[in-house]
Amino acid sequence: MPNPQFEESPKKEVKEVSQDDELKYTVYDLIRTIKDPEKPNTLEELNVVYEEGVEVKERTTGEVNVVRVEFNPTVPHCSLATLIGLCIRIKLERCIPYRIKLDIYIKAGAHTTEHEINKQINDKERIAAAMENPNLKEMVENCITEED
């Protein structure tokens, strides 16, 4: 007769997290705490960024991770949508410890000038020029700095 004291407990299923899932969660964790330029809230609190908006795509031939981030401005004519996209890009470029290719986009149909803004926030030269502007740089720093 089996001794109940020594019976095996049911095995718990442990879901393995893939490298891509880990990257997705890391990216989301970094961008969710970015502060809105006008409000005292984070982008996550305002539903500007959301977990479903982060997607890890197929790696490039050089094994560079490709990450697509979609965000949704609070209003269709948000004047700070470009700044929000810039904040997302700068924070991720600084905080991800390896090479990634970032594609940052406004949610389709969520902004009146989404195509122009998408073009700006995915253009390396425009990003570099924007970060040379001391006022813009200070605004970005204020938004991406995490409080302790």
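Definitions and cut-offs
- Residues numbered from 1 in each chain as written.
- Predicted model: local features only at pLDDT ≥ 70, side-chain atom pairs only at ≥ 80, totals over all residues.
- Heavy atoms only, no water.
- Helix = DSSP H or I, 4+ residues; strand = E, 2+ residues; numbered from the N terminus.
- Contact = heavy atoms within 4.5 Å.
- Areas by Shrake-Rupley, 256 points an atom, 1.4 Å probe, with all protein chains shown as cover.
- Pairing = 2+ DSSP bridges.
- Axes fitted to C-alpha atoms, helices over the stretch in contact; angles between N-to-C directions.
- Parallel < 35°, antiparallel > 145°, perpendicular 65-115°, else oblique.
- Left-handed = near helix turned anticlockwise from the far one by under 90°.

A. Representation of the overall build of the protein chain in the model. A tally of regular secondary structure across the protein chain gives 5 helices and 3 strands. In the protein chain, 62% of the contacts between residues at least 6 apart in sequence involve partners at least 24 apart. Total accessible area computed for the protein chain in this model is approximately 10,100 Å², and 48% of it derives from carbon and sulfur atoms.

B. A look at the sheet that holds strand 1 (residues 54-57). One open sheet holds the 3 strands; their spatial order is 1-2-3, and the pairing between them is mixed. One side of each edge strand has no neighbouring strand; the edge strands of this open sheet are strand 1 and strand 3 (100-106). Recorded for the sheet is a direction-independent mean angle of 20° between the axes of neighbouring strands. Inspection of the sheet shows strand 2 (residues 65-71) paired to strand 3 by 7 bridges, in the parallel sense. Bridge assignment links Glu 70 to a residue of strand 3, and that residue is Tyr 105. Taken strand by strand, helix 3 (residues 114-121) contacts strand 2 and strand 3, and its axis lies near 160° from that of strand 3.

C. Highlighting the packing of helix 2 (residues 81-95) against helix 5 (residues 134-144). At their nearest, the axes of helix 2 and helix 5 sit 9 Å apart, and the two run at 70° to each other. With respect to helix 5, the element helix 2 is oriented roughly perpendicular. As for the relative orientation of helix 2 and helix 5, their crossing is right-handed in sense. Taken together, the residues of helix 5 that come into contact with helix 2 (itself represented by Leu 83, Leu 86, Cys 87, Ile 90, Lys 91 and Arg 94) are Leu 136, Met 139, Val 140, Glu 141, Cys 143 and Ile 144.

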